[in-house]
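Geometric and topological summary
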Amino acid sequence: MLHYTDTGSGIPVVWIHGFPLSGRIFAEQMSIKGVRHIVPDLPGFGSSPPQRDASMDSLAGEILDILDALSIEKAAFAGLSMGGYILFAIARRAPERVAAAILIDTRELPDSAEGRAGRFSMMETARTAGARQVTELMLEKMLGSGHRPATAFVREVMESATPAGIVAALQAMMDRPDSTDTLRSLRVPTIILVGDSDTITPPSDSRRMKELISGAELVVVPGASHLSNAEQPDLFNDAVERFVRERVAGSLQS
Ligand code: MLT
């Protein structure tokens, strides 16, 4: 079983982190009220041990195992970037368990050929130069080279990444399917949040996802790049708290 934390009370929200982070990236979201926060660490990140192989589908299964262990039938799922790819796999595998979707700086399309080549080279870096080298590369891709307020915190969160976890996650991301049809068939309240300066999954990706999901709302978070939840927690939390209160609470009793 993956390591997870379970705090607060109210609507269950499962926060699925991105690469190469851990559940701690959602530290600022734990103050959102009216929510039971369930926060897993994916294999090889945070306090979860690495696994040899992973796919978005196997990771989806492991998240659902946590809900089974907690006897939670249905929850809202929040996916940050790679966490969004896992959320899409959960929606394919067990749509009846998804009460709402919170899509954060993510995209539905699979990797391009260029993207796949980049994954291979990052795997090589993880194997030869170690996790630290990969996390520094990702930190720069995510937040840019300037010193942003969230940089020190994000670097600290990335410190738990293991080379084996990094390689397995890169392989899983590389192999992920196109989720366009998954989004077209999503019939639950959905909010999409994206940093206005996100260069990894730019606002144009989020606008495209909004068109695919019936009734989805889009929040472009000003002054944020790829980690809008950590970079602008107040704006982000206000939008999510309102979304849960107005669009999710009525359809789900905790
Ligand atoms: C992430 O933030 O999880 C990754 O940047 C996603 C990706 O590389 O596709």
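Check the entry above for the structure.
Quick summary incoming for the structure in this document. No experiment lies behind these values; they were computed from the predicted model shown.

**A few points about empty space enclosed by the protein**
By the definition in use, this model includes two cavities of 30 Å³ or more. Roughly 70 Å³ of internal volume is contained in the largest cavity. Lining the largest cavity, in full, are L42, P43, F45, Q51, A54, L59, M82, G165, A168, A169 and A172. The element that contributes the greatest number of residues to the lining of the largest cavity is helix α6 (residues 163-174), accounting for four residues. For the lining of the largest cavity, the residue count by class is nine nonpolar, two polar and no charged. Every residue along the wall of the second largest cavity is listed here: M56, Y85, F88, R92, R107, E108, R176, P177 and S179. In terms of residues, the lining of the second largest cavity owes the most to one element, helix α2 (residues 82-93), which gives three residues. Taken together, the residues that form the lining of the second largest cavity break down as four nonpolar, one polar and four charged.

**Considerations on the site of the ligand**
In the vicinity of the ligand, the residues found are G18, F19, S81, M82, Y85, R119, M138, M142, M173, I200 and H226. Between the ligand and M82 there is a distance of 2.9 Å, counted from an oxygen atom to a backbone nitrogen or oxygen. One nitrogen or oxygen atom from the side chain of R119 is found 2.8 Å from an oxygen atom belonging to the ligand. Burial of the ligand by the protein chains amounts to 96% of its free accessible area of 270 Å². At a threshold of 2 Å from the grid points, most atoms of the ligand map onto the largest pocket. Mapped onto the shell around the ligand, the elements with two or more residues apiece are α2 and α4 (131-143). Classifying every residue of the shell around the ligand gives seven nonpolar, three polar and one charged.

**Overview of the sheet that holds strand β5 (residues 98-104)**
With mixed pairing, the seven strands of this open sheet are ordered in space as β1-β3-β2-β4-β5-β6-β7. A strand with exactly one partner marks an edge of an open sheet, and here the two such strands are β1 (4-7) and β7 (217-221). Across the sheet, the mean angle separating the axes of adjacent strands is 20° when strand polarity is ignored. Bridge count for β1 against strand β3 (residues 35-40) is four bridges, and the pairing is antiparallel. Across the sheet, T7 pairs through a bridge with H37, a residue of β3.

**Some points on the pairing of strand β2 (residues 11-16)**
By the criterion of burial, β2 is predominantly enclosed, with six of the six residues buried. Neither face of β2 is exposed, since I11, V13 and W15 on one face and P12, V14 and I16 on the opposite face are all buried. Inspection of the sheet shows β2 paired to β3 by four bridges, in the parallel sense. Bridging from a neighbouring strand, V13 pairs with H37 of β3.

Rules and cut-offs
- Residues numbered from 1 in each chain as written.
- Predicted model: local features only at pLDDT ≥ 70, side-chain atom pairs only at ≥ 80, totals over all residues.
- Heavy atoms only, no water.
- 1 Å grid on protein atoms, 1.4 Å probe; cavity = no way out; pocket = protein on both sides within 12 Å on 5 of 7 lines; lining within 4 Å.
- Points joined across faces, edges and corners; volume = space filled by probe spheres on them.
- Helix = DSSP H or I, 4+ residues; strand = E, 2+ residues; numbered from the N terminus.
- Nonpolar A, V, L, I, M, F, W, Y, C, P; charged D, E, K, R; others polar.
- Near = heavy atom within 4 Å.
- Polar contact = N/O pair within 3.5 Å; in protein donor to acceptor, adjacent residues only side chain to side chain.
- Areas by Shrake-Rupley, 256 points an atom, 1.4 Å probe, with all protein chains shown as cover.
- Sits in = over half its atoms within 2 Å of the grid points.
- Pairing = 2+ DSSP bridges.
- Axes fitted to C-alpha atoms, helices over the stretch in contact; angles between N-to-C directions.
- Buried < 20%, exposed > 50% of the residue type's maximum accessible area, 1.4 Å probe, protein only.

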